[in-house]
Amino acid sequence: MQGGAVITAEAMKSCDREPVVSQMPGEAIPEGQRSDGRYCVVNKPVPRVDAYEKVTGRAKYAADIYFPNMLYGKVLRSRYSHARILSVDTSAAEAMPGVYCVLTAKDLPGEQSWSTYLFLAGDEVRYTGDAIAMVAAETPQIAEEAIRAIKVEYEPLPGVYSIEEALAEGALQVQDYAPGNIVRNTHWPVRKGNVEEGFAKSDVIIEREYRTQYIEHAYIEPEAAVVVPNPVDGSVTVYGSLQNPFMTRRAVAVALGTQIGKVHVIQQTLGGSFGGKEEVMGLMCGRAAVMAVKTGRPVKMVNTREESFLESAKRHPFRLRYKVGATRDGKIQAFEAELVDEGGAYNSQAQFMNWRACVHTTGCYEIPNVKVDVYAVHTNKVYGGAMRGYSSPQVIFGQESLMDELAEALGMDPVELRLKNAFRPGSVTATGHKLEGQSVPLVDLIKRVLDETDFFAVRERYRKEREEAAQSTGAPEGRLRKGIGLAASFRGCGLGAESPDATGAFVAVMDDGSVLIRSGLTDNGQGLSTAHAQIVAEELGVKIEDIVYQRVDTSSIPDGGMTVASRGTFTGGRAMLGAAREVKKALFEVAARMLECDPEDLTSAEGIIFVKGDPSRSITFKEVANRAFWSGREVSKLFWFIPPDLPWDRPTGQGPAFPTYAYACVVAEVQVDMETGAVDVLKVTAGHDVGMAINPALAKGQIYGGIAMGMGMAIMEEVEFSDGDILNPNFDEYIIPTSMDVPEAKPILYESDDPVGPFRAKSLGEGAMECVAAAIANAVADATGRRIRELPLNLERVLLGKSLKRGKGGASK
């Protein structure tokens, strides 16, 4: 033994594996089996690294930050969803004591717009969230009074308020740069095979239309930011509740008309985002920065809940039109779809979101002939943006409802129809991607969920209960009816061919043996910091307590892209793993000289580096780190991960869309009150192909949260409008699930052998909610005997059947 280190039996037992501890991804394990016991840190439910600060109340959110001489900013928003601005009189506000600046569009030092969105509207407002003027004052109260003192003269203009109005012949153009109101770069086609030939081979053809709604993100923390100017070099430092700090940095630079390098952004603890704190935070921070530079003082802005509702992005509503054909034995031969989403007054997300929609439109089924067109339209309403699932929950609701309706037209069990057409190894997706070299456990996953829920027996029991209730009451199937429904899906992991999925990570070993890690991606509350810490601790062979995670600081790590598409672990984790491997290589070279062996002979665990097969020859990680420092060795690494190219042919929508896919199957059980229309979700069982769960506890947490959000989408949540005005801009009227509403939830972590992600991990965060609304809708249809094709399944739609007219088809040839 050297260096005084001892690798004990207890330490090895804690890893529950042999001393060869630095296992790498890609080793085969049985499909669907957990891999516990093969690792020391990953695949373990370790506590969150940020748990203590949150449970003790020590976590600092952007609204908690204060600086001396700080001013408070407020924004005046439009009274109209569409109007011409004739004049703006700020004189009364400027004369108020305690007001330090009142600015309009003409006062902006940089650009008026950023990525189509307006910091301040000058001549025209296009939705009620448009800002016209902004104020910085000594107190929030004075700022609010100053806003009310500004007088704006408008000329109200007619507006466009629906997909149909936007596409109507001769429709008013919401944006001059968007002919026909089609949002730029949002048309994504898919062409595979020949749909006319496919329909000719089909025995049954149906056509259906489905609709989804505007949905608010409803994060617990409204938007907040503080911007501090530096009078010496003209730079600014931004502190904010930011999902994407680098995106915000670009927005602030545009607003100020300055260099990106002069904008320093530091992410604060985030009280939820789900995709919502992107554009709205760029606008808020840009405005605050302009006022901070103008006054030479820090400026803080915090939205009220109503302000957040008015300007923050919403989940895009979709109109989903389908035509599908199948042979009598249930093989789907042709699939044609037109998907149109409402982009609102401004939009930079639909071009990317619609690409994902085109990839996933046909669902997790192999169909030889496909024709799909996806595009977005402008309206005079709040803009659509990123929200958990990024189009997939809307698309899956339509497509999985369609599968149940096709099964009904065929006289086939909907489960049998799915299994007959489900992806298997070697299947070819709608985009022509042959599923090889990756795990495709969909069929086994569906069967696993069916077994866990006793699906067929429960369905039969509910059917008999409805029949017995009808016989005893004389009413058709009774007042309270139970039903069960299923939905399945696949989801591309990371950004795929949508945009470059590169990112960076920094790992540095300190001379005391602690390990500092930074990521180009952010922890938005989903546990990214813990997952990254586990990955690095596993690779280096140290304890999780030795890892120090630091939040994103745009001046200390390169732009790693947006934290979206569930790429935090799948993509960011690969960058972390790459950096950790490089650092370990350098440390093992130092340790090898100390232990007089070859670096290849070494491994590590529990903070001890030792010779494989001879744990008595060992030394502590701390000793090696200290020796490396004093011998001048670099034991830090900025690693930049660049995935392989994924060629995409835009005119045909053909190509390998993603490096790999995650699969899901969700079963929902409901009870419907046929006298009131109330839907009670009784139980949701959610099976997810996670590859390997880096942290099973966090993975289950994602699933629980996804069930709650999916339930809200299915039966409760909807932003309501009147000619573009939001009618329910707070939680007294916008209803979300509470702890009293959330059903019994059963998560199933299905582990599969996939070689792509770090330690085989796949994406989960967004996939956790994608199938839930579809499964609930199918369960409601099972309970009531009628299909409702529009979300949410609220009292009126369930009770009165108020929805779209039924589509054509269902008859056999």
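Criteria and cut-off values
- Residues numbered from 1 in each chain as written.
- Predicted model: local features only at pLDDT ≥ 70, side-chain atom pairs only at ≥ 80, totals over all residues.
- Heavy atoms only, no water.
- Helix = DSSP H or I, 4+ residues; strand = E, 2+ residues; numbered from the N terminus.
- Rg over C-alpha atoms; globule rule 2.2 N^0.38 Å.
- Buried < 20%, exposed > 50% of the residue type's maximum accessible area, 1.4 Å probe, protein only.
- Contact = heavy atoms within 4.5 Å.
- Areas by Shrake-Rupley, 256 points an atom, 1.4 Å probe, with all protein chains shown as cover.
- Lys, Arg positive; Asp, Glu negative; His and termini not counted.
- Charge placed at Lys NZ, Arg CZ, Asp CG, Glu CD.
- Expected span 1.5 Å × (residues − 1).
- Domains from an automatic or database assignment.
- Buried area = accessible area lost by both parts, 1.4 Å probe.
- Salt bridge = Lys/Arg side-chain N within 4 Å of Asp/Glu carboxyl O.
- Polar contact = N/O pair within 3.5 Å; in protein donor to acceptor, adjacent residues only side chain to side chain.
- Nonpolar A, V, L, I, M, F, W, Y, C, P; charged D, E, K, R; others polar.
- Phe/Tyr/Trp six-rings, centres within 6.5 Å; stacked < 30°, edge-to-face > 60°.
- Pairing = 2+ DSSP bridges.
- Axes fitted to C-alpha atoms, helices over the stretch in contact; angles between N-to-C directions.
- Parallel < 35°, antiparallel > 145°, perpendicular 65-115°, else oblique.
- Patch = residues over 30% accessible without salt bridge, like charges linked within 9 Å, V, L, I, M, F, W, Y side chains within 5 Å.
- Core = buried A, V, L, I, M, F, W, Y, C linked by side-chain atoms within 4.5 Å.

Colleague: A description of the overall build of the protein should follow, citing residues and the corresponding values.
Modeller: In terms of regular secondary structure, the protein is built from 22 helices and 33 strands. Taken against the 2.2 N^0.38 rule, which gives 28 Å for 813 residues, the C-alpha radius of gyration of the protein at 28 Å falls within 12% of a compact globule. Principal axes of the C-alpha set define a box for the protein whose edges measure 80 × 75 × 50 Å. Within the protein, the fraction of its 813 residues that count as buried is 62%. Taking the contacts inside the protein whose residues are at least 6 apart along the sequence as the reference set, 80% of them involve residues at least 24 apart. Surface summary for the protein: the accessible area is close to 29300 Å², and the carbon and sulfur share equals 51%. Averaging the coordinates of the 88 positive side-chain charges in the protein and doing the same for the 107 negative ones gives two points 1 Å apart.

Colleague: Describe helix α7 (residues 245-256), naming the residues involved and giving the relevant values.
Modeller: Helical geometry: 3.6 residues make up each α-helical turn, so side chains three or four residues apart lie on a common side. With 12 residues, α7 should reach 16 Å at 1.5 Å per residue; the first-to-last C-alpha distance of 16 Å fits that figure. With 10 of 12 residues buried, α7 lies mostly within the body of the structure. Elements that come into contact with the buried residues of α7 comprise β4 (113-114), β12 (236-240), β13 (263-267) and α8 (279-295).

Colleague: Just give me the short version of the domain arrangement of the protein, but keep the residues and values in it.
Modeller: When the parts of a complex come together, some accessible area is lost, and that lost area is often taken as the interface size. Assigned domains within the protein: domain 1 (9-60 + 503-560 + 572-641), domain 2 (69-157 + 218-311) and domain 3 (434-495 + 658-800). The gap between the C-alpha centroids of domain 2 and domain 3 is 39 Å. For the domain 2 and domain 3 pair, buried surface summed over both sides reaches about 860 Å², with 69% attributable to carbon and sulfur atoms. On the surface where domain 2 and domain 3 come into contact, there are zero salt bridges. Taken together, the links from domain 2 to domain 3 amount to two residue pairs in polar contact (both at pLDDT 80 or more). Here the side of domain 2 that touches domain 3 is built from residues that sort into four nonpolar, two polar and three charged.

Colleague: I'd love a proper account of the environment of Leu 410, names of residues and values included.
Modeller: Of note, Leu 410 is situated in helix α11 (residues 392-410). When its relative accessible area of 16% is taken as the criterion, Leu 410 is described as buried. Residues Leu 410 and Arg 328, spaced 82 residues apart in sequence, show a C-alpha to C-alpha distance of 6.5 Å.

Colleague: Any details on the packing of aromatic side chains? Residues and values, ideally.
Modeller: Under the criterion given, the structure shown has 21 aromatic pairs. Between the aromatic rings of Tyr 117 and Tyr 346, the centroid separation amounts to 6.4 Å while the plane-to-plane angle is 55°, which identifies the pairing as tilted. Taken together, the residues span a long stretch of sequence, with Tyr 117 in strand β5 (residues 117-118) and Tyr 346 in the loop between β17 (332-344) and α10 (350-360) at a distance of 229 residues. For Tyr 117, a relative accessible area of 1% translates into the label buried. Residue Tyr 346 is classed as buried on the basis of its relative accessible area of 3%.

Colleague: Kindly report on the sheet that holds strand β3 (residues 99-104), identifying the contributing residues and their values.
Modeller: Here we have seven strands laid out as an open sheet, ordered β3-β7-β1-β14-β11-β12-β13, and mixed in their pairing. Each of the sheet's edge strands pairs with one partner strand only, and the pair in question is β3 and β13. In this sheet, adjacent strand axes meet at a mean angle of 20° when their direction is disregarded. Strand direction decides the pairing type here: strand β11 (residues 224-229) and β12, joined by five bridges, are antiparallel. Counted as the bridge partner of Pro 229 is Val 236 from β12. Together, β1 (71-77), β3 and β7 (131-137) form the strand contacts of helix α4 (residues 140-149), whose direction differs from that of β1 by roughly 25°. Running at roughly 30° to β11, α8 makes contact with β1, β3, β7, β11, β12 and β14 (299-302) of the sheet.

Colleague: Account for the packing of helix α17 (residues 572-595) against helix α18 (residues 621-630), with residues named and values stated.
Modeller: Packing of α17 against α18 brings their axes to within 9 Å, and their N-to-C directions diverge by 100°. Viewed along their axes, α17 and α18 adopt a mutual orientation that is roughly perpendicular. Counting all contacts with α17, which are made through Leu 587, Val 590, Ala 591 and Met 594, the residues of α18 involved are Phe 621, Glu 623, Val 624, Ala 625, Arg 627 and Ala 628. Per-class residue counts for the contact of α17 with α18 are eight nonpolar, no polar and two charged.

Colleague: Talk me through the pattern of salt bridges; I want residue IDs and the actual numbers.
Modeller: Per the counting criterion, the structure on display carries 49 salt bridges. Taking the shortest distance from any N to any O, the salt bridge between Arg 208 and Glu 405 comes out at 2.8 Å. With Arg 208 in strand β10 (residues 204-211) and Glu 405 in helix α11, the pair connects residues that are 197 residues apart, well separated along the chain. The pair formed by Arg 208 and Glu 405 is uniform in burial state, with each residue classed as buried. The residue Arg 581 makes a salt bridge to Glu 539 at a minimum N-O spacing of 4.0 Å.

Colleague: Which residues make up the pairing of β3, and what values go with them?
Modeller: Most of β3 is tucked away: five of the six residues are buried. As paired strands, β3 and β7 are joined by five bridges and run antiparallel to one another. Its bridge partner being in β7, Thr 104 is matched across the sheet by Ala 133.

Colleague: Can you break down unusual backbone geometry residue by residue, with the values?
Modeller: The omega torsion of the bond from Leu 791 to Pro 792 falls at 0°, within 30 degrees of zero and hence cis. Tracing the sequence through the fold places Pro 792 in the loop between α21 (772-784) and α22 (795-800). If you check the backbone angles, Phe 274 has positive phi at about 60° while not being a glycine. Relative to the helices and strands, Phe 274 is located in the loop between β13 and α8. Note on Phe 274: relative accessible area 36%, which makes it partly exposed. Positive phi outside glycine occurs at Ser 566, with the angle close to 50°. With respect to the helices and strands, the residue Ser 566 is situated in the loop between β23 (547-550) and α16 (567-570).

Colleague: How would you summarise the sheet that holds β23 if you had to cite specific residues and measurements?
Modeller: Overall, mixed pairing links the four strands, which are arranged β23-β22-β21-β27 in an open sheet. Among the strands making up the open sheet, the edge pair consists of β23 and β27 (636-641). Looking at each pair of strands side by side, their axes are set apart by 20° on average, direction ignored. The strands that α17 touches are β21 (503-509), β22 (515-519) and β27; relative to β21, the one it contacts most, it runs at about 35°.

Colleague: For a positive patch on the surface, give the residues involved together with the corresponding values.
Modeller: Together, Lys 331, Lys 420, Arg 424 and Lys 447 make up a positively charged patch on the protein surface. As for its position among the elements, Lys 447 is in helix α13 (residues 442-453). Accessibility expressed as a relative area gives 43% for Lys 447, which makes it partly exposed.

Colleague: Explain the nonpolar core to me, and be specific about the residues and the numbers.
Modeller: Counting residues in each nonpolar core, the largest one holds 180 residues, and the members touching the most others are Val 135, Ile 150, Leu 406, Tyr 663, Val 670 and Ile 776. Here the element with the most residues in this core is α8; it accounts for 10 residues. Beyond its immediate chain neighbours, meaning those up to four positions away, Ile 150 contacts Leu 76, Val 88, Asp 89, Thr 90, Ala 93, Val 102, Ala 133 and Val 135.

Colleague: Please set out the side chain of Ser 752 residue by residue, giving values where relevant.
Modeller: Turning to its location among the elements, Ser 752 is positioned in the loop between β32 (744-751) and α20 (767-770). Looking at Ser 752, its side chain comes within polar contact range of the side chain of Asp 689, at 2.7 Å.

Colleague: Describe α10, listing the residues and the values that go with them.
Modeller: With nine of 11 residues buried, α10 lies mostly within the body of the structure. Of the residues making up α10, those classed as buried are Ala 350, Met 353, Asn 354, Trp 355, Arg 356, Ala 357, Cys 358, Val 359 and His 360.

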